[in-house]
Amino acid sequence: MPIAGVVVVTLPEKTSEVLQALKRLSQVTTYGVHKDNNIIAVLESESTSGLERLSNRISRSIEGVIGVFPAYINFEDEVPDQEPYPPVE
Amino acid sequence: MPLKRREFLKASAAAAAAASIGVNLIPGMDNKLFADAVSWEKSVCRFCGTGCGVMIGKKGDKVVAIKGDLKNPINKGHICVKGFFLHKVIYAKTRLLYPMIKRNGKFERVSWDEALDYVARRFNEIRKTDGPDALAFYGSGQAETEETYMANKLFKGCIGTNNMEGNPRLCMASAVGGYLSSLGLDEPAGTYQDIEHAELFLLVGSNTAECHPIIFERIVRHKTKNPTVKILIIDPRKTPTDQVADIHLFPKPGWDLAVLHAMAHVIIKEGYADLDFIKNHVNFKSNDGKDITFEAYQQFLEDYTPEKAEAISGVPAGDIIKAARMFGQAKTAMSMWTMGINQRTRGVWANNLIHNLHLLTGKIGVPGSDPFSLTGQPNACGGVREGGGLCHLLPGHRKVTNPKHREEVAKVWGVPVGNIQPKPGKHTIAMFEALNEGKIKGIYIMCTNPAQSLPYAQKFWKGLKEQFVVLAESFYPTATSDFADVLLPAAFWAEKEGVYGCTERRSQYMPQVLQPMGEARWDAWILRDLAMRMGFKKEFEKYRTAEDIWNEYISLTKGRDMDLSGATYARLKKERGLVWPVPSETHPGTYKRYTQGDPFFDELPEEKKKGRRMYFYGKPDGKAVVWARPAKPPAEPTDKDFPYALTTGRVLEHWHTGTMTRAVLELARAVPRAYVEIHPQDARKLGIANRDTVVVETRRGKLEIEARVIDRPEPGTLFIPWHWKEWLANLLTIDAFDPGSKEPEYKVAAARIYKA
């Protein structure tokens, strides 16, 4: 189950509204506002595609969000085993 | 996954994000973070030219995590959304895993020996029968410097043809022409460090928010801390970058030269010019290269008053005046631009006019001031511009036309100097035209997709179909693999070591952390093997490691303006890159060129530096040039038959021809298809509703595509992202190119649009 640690950068005057909006999202855990307009958050989803949708939703649907910047992504459950490679015939 | 571990990962993720902005979220936990079975290696992102540092997390033999490199001064721990998916690109199902030869119209798997023997035999036959210029190489700003270096030596030094090009011709060549003609040498004088010192940002022809998100983040962060910082945009289209703009000028596509001239006009008229700087650092030249006086230049600008520029460009005179005053009044200013300026038939001139603003106001050579071209690919600067991977260049910013340069390179390559031809080879468009004409009969294409990325792409499919095409690629299929005769599987990012050089003159080392997929091999070794099979064993067998190649390359940069001789692998493995010139192993790298702290400036005799804070040592008298270039229109202006200006570009989720990003299901689904943006006013007039299927047509082709009715483009302008083979925007673009840089005009084509 992929996890991403992100910084949500907001317009300064909208930071608290963005924080409240993020808190309403069940797949988002917030870790406070830092350095004026940076919200630390962890996004969780069943798949990286869900993470990506969530990230898009935050950056495009919540007014005042300037960008969602990942700093760490863990996806170890999703990495496939490399298929064995057949020899040249 | 046990809850305990999940909580641990969440804490790790939050702490990493916090650390990226300098916050210690969980005191005392630092040392435990990521301390489990994941091992980390520092590397560089594979996508754009920003050069973000990433840490690759490996568990066993798999990449399981990516994080931004906190110690990297460029991105300071952050990465953009494409970073979510870097691992998925490595493991994409579309990876090309083994060599293939096309027989009877179908690819058949073969051994490496068979594939390379076949290519060597065919290339040698062509060389013997039709001469070396019947062969060509087409490379990439995504290839490592070591890879391009090997290709350069094989084609220019051994085969003996200068028909060696790369896709940076399609994106950066006009920026090169601009730097050379305005400042005397290629690549920016400043670095990203200027961002945090700038009072004003002029963003021209750049959707920074989507195409260079980390640079955008740094700008936004700086503006947030310093609310008086201003952002001025010149672009025919509204983009997410507008969220933070103070003013946006919307010129008609291709008509912005008049706007830049008019800004210069206002700057001088209203007393914002730095007359001392001009006197000591600047020459003025007319378009034909003749020296003119400052007064004659001002007379030239009389044709570009704000009112006259409004008539030409459509930008209100009042907005031009406001923008010019903002630029003039700011103590420091940083301009950034990319394809909207470069991909034009007057791209070099447009670059010159941006440099003009900085030279007229002295906003260069001090912290926070620089005309700074943004790069689209991760190693266009390092491998191709510095490495000499174009038809007129040799490694180390050298030129094939210079006999001394040919001698220096031939000596290091260990080839007779006569092997290197004194005339430039064919530039990209000429090269693919020569394939069409049968003058080039064999081409080696590495790490790029010209069948999709060339302008007026379908025009060049004939040559690709008829001639012998070898494609070294990490992915299959691509638009170009359809035309290939031989496919060679290339190792991908993280499966090979090497160096990338990014926008800010910084060269960074990338380690190999994985074995290549399937039978893929490093491009440099494929070229070495091919060269030896072609009969150049003596010239190529000496390279045993990537470091061997790098060491030879940096020896060729010694004493050159882009001196990397102090940037050894040993240093690069430890440091987060080095910014050239780096003339010795103890030199820290250079923040600003042409001024104090630049080793070339510092070594100048005192009499040359007298009264000057900058010396543009690529120019004979050390003075930069303000150019009086006429404001020429695009090659294909709109008319009554084709009344819309079509422009093309990128979206955040995809990159270039989509070979990597479309292989990632999540990104493919996020933006699954191409579309054409049309302004609501135009849509109403034409009876087009959102999501209607429409036809966009130019004089070269037509495309059936979904309409997106949105106010991003101005009325009269259409926009199509170009990432899809199925909705190939380059069926519509024009292959007219800048006569100086030879870069095509992707950004402006006359079009019409109607409901399908």
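The numbers attached to residues start from 1 for each chain and follow its sequence in the written order. Labels follow written order: the first chain is A, the first ligand is 1, and so on. Per-residue local features are limited, in this predicted model, to residues with pLDDT of at least 70; the limit for side-chain atom pairs, both in listing and counting, is 80 or more; totals at the level of whole chains, interfaces and linings are taken over all residues.

**Q** Would you take a moment to explain the interface of chain B and chain A for this structure?
**A** The interface is formed by 46 residues belonging to chain B together with 39 residues belonging to chain A. Listing elements by their share of the side of chain B that touches chain A, those giving two or more residues are α1 (3-19), β3 (62-68), α2 (86-90), α7 (213-225) and α26 (665-670) of chain B. Only runs of H or I of at least four residues qualify as helices and only runs of E of at least two qualify as strands under DSSP, and these elements are numbered from the N terminus. Tallying contributions element by element places α1(B) first for the side of chain B that touches chain A, with eight residues. DSSP calls a pair of strands paired once it identifies at least 2 bridges connecting them. Direction of pairing for strand β4 (residues 65-74) of chain A relative to β3(B): antiparallel, over a ladder of three bridges. Each residue of the ladder has a partner; that of A:Y72, found in β3(B), is B:K67. Each residue is represented by a C-beta atom placed from its backbone, and any two residues with such atoms within 7 Å are regarded as in contact.

**Q** Looking at this structure, I do not really get the domain arrangement of chain B. What am I missing?
**A** Note on interface size: it is often stated as the accessible area lost on association of the parts. Residues and elements named next belong to chain B. Note that the domain bounds were set by an automatic or database domain assignment. Segmentation of chain B into domains returns domain 1 (3-90), domain 2 (100-170 + 379-555), domain 3 (173-373) and domain 4 (644-755). Each of domain 2 and domain 3 has a C-alpha centre, and these two points are 36 Å apart. Taken residue by residue, the interface counts seven residues in domain 2 and seven residues in domain 3. Nonpolar residues are Ala, Val, Leu, Ile, Met, Phe, Trp, Tyr, Cys and Pro. Charged residues are Asp, Glu, Lys and Arg, and all others, Gly as well, are polar. Partitioned by chemical class, the residues of the side of domain 2 that touches domain 3 number two nonpolar, one polar and four charged.

**Q** Looking at this structure, how should I read helix α8 (residues 257-269) of chain B?
**A** An α-helical segment advances 3.6 residues per turn. Residues three or four places apart therefore align on the same side. Residue and element names in this part refer to chain B. Here the expected span of a helix is defined as 1.5 Å times the quantity of residues minus one. For α8, with 13 residues, the first-to-last C-alpha span of 18 Å sits near the 18 Å given by 1.5 Å per residue. Buried means a residue has 20 or more other C-beta atoms within 10 Å of its own C-beta, exposed means 12 or fewer, and partly exposed covers the counts in between; C-beta atoms are placed from the backbone. The buried count for α8 comes to twelve of 13 residues, which makes it a mostly enclosed element. Within the sequence span of α8, burial applies to L257, A258, V259, L260, H261, A262, M263, A264, H265, V266, I267 and I268. At its buried positions, α8 is contacted by β9 (230-234), β10 (247-249), α10 (294-301), α11 (306-313), α12 (317-329) and α14 (347-361).

**Q** Help me understand α10(B), please; the structure alone is not making it clear to me.
**A** All names here are of chain B. Taken together, the buried positions of α10 are Y297, F300 and L301. For α10, the angular spread of the buried residues around the axis is 100°, confining them to a single face. Turned more than 90 degrees away from the buried face of α10 sit E295 and Q299, all of them exposed. Where α10 is buried, its residues contact α8, β11 (282-286), β12 (291-292) and β23 (624-628). Think of it as the arc spanned by the lines of direction from the helix axis to the C-beta atoms.

**Q** Just checking my understanding: could you explain the sheet that holds β10(B) for this structure?
**A** Residue and element names in this part refer to chain B. Spatially, the five strands line up as an open sheet ordered β10-β9-β8-β13-β14, and their pairing is parallel. Taken across any chain shown, the strands that pair with only one partner, and hence form the sheet edges, are β10 and β14 (370-373). When strand polarity is set aside, the average angle formed by the axes of neighbouring strands in this sheet is 15°. Angles run from 0 to 180 degrees between N-to-C directions of axes, and those axes are lines fitted to C-alpha atoms, restricted for helices to the stretch in contact.

**Q** Looking at this structure, how should I read unusual backbone geometry?
**A** What you tend to see is this: most non-glycine residues have negative phi, and most peptide bonds are trans. All names here are of chain B. Along the chain, Y476 connects to P477 via a cis peptide bond; the corresponding omega equals 0°. By secondary structure assignment, the location of P477 is in the loop between β18 (468-473) and β19 (486-489). Notably, N104 is not glycine yet its phi reads approximately 50°, a positive angle. Of note, N104 is situated in the loop between β4 (100-103) and β5 (106-109). Note on N104: 5 C-beta atoms within 10 Å, which makes it exposed.

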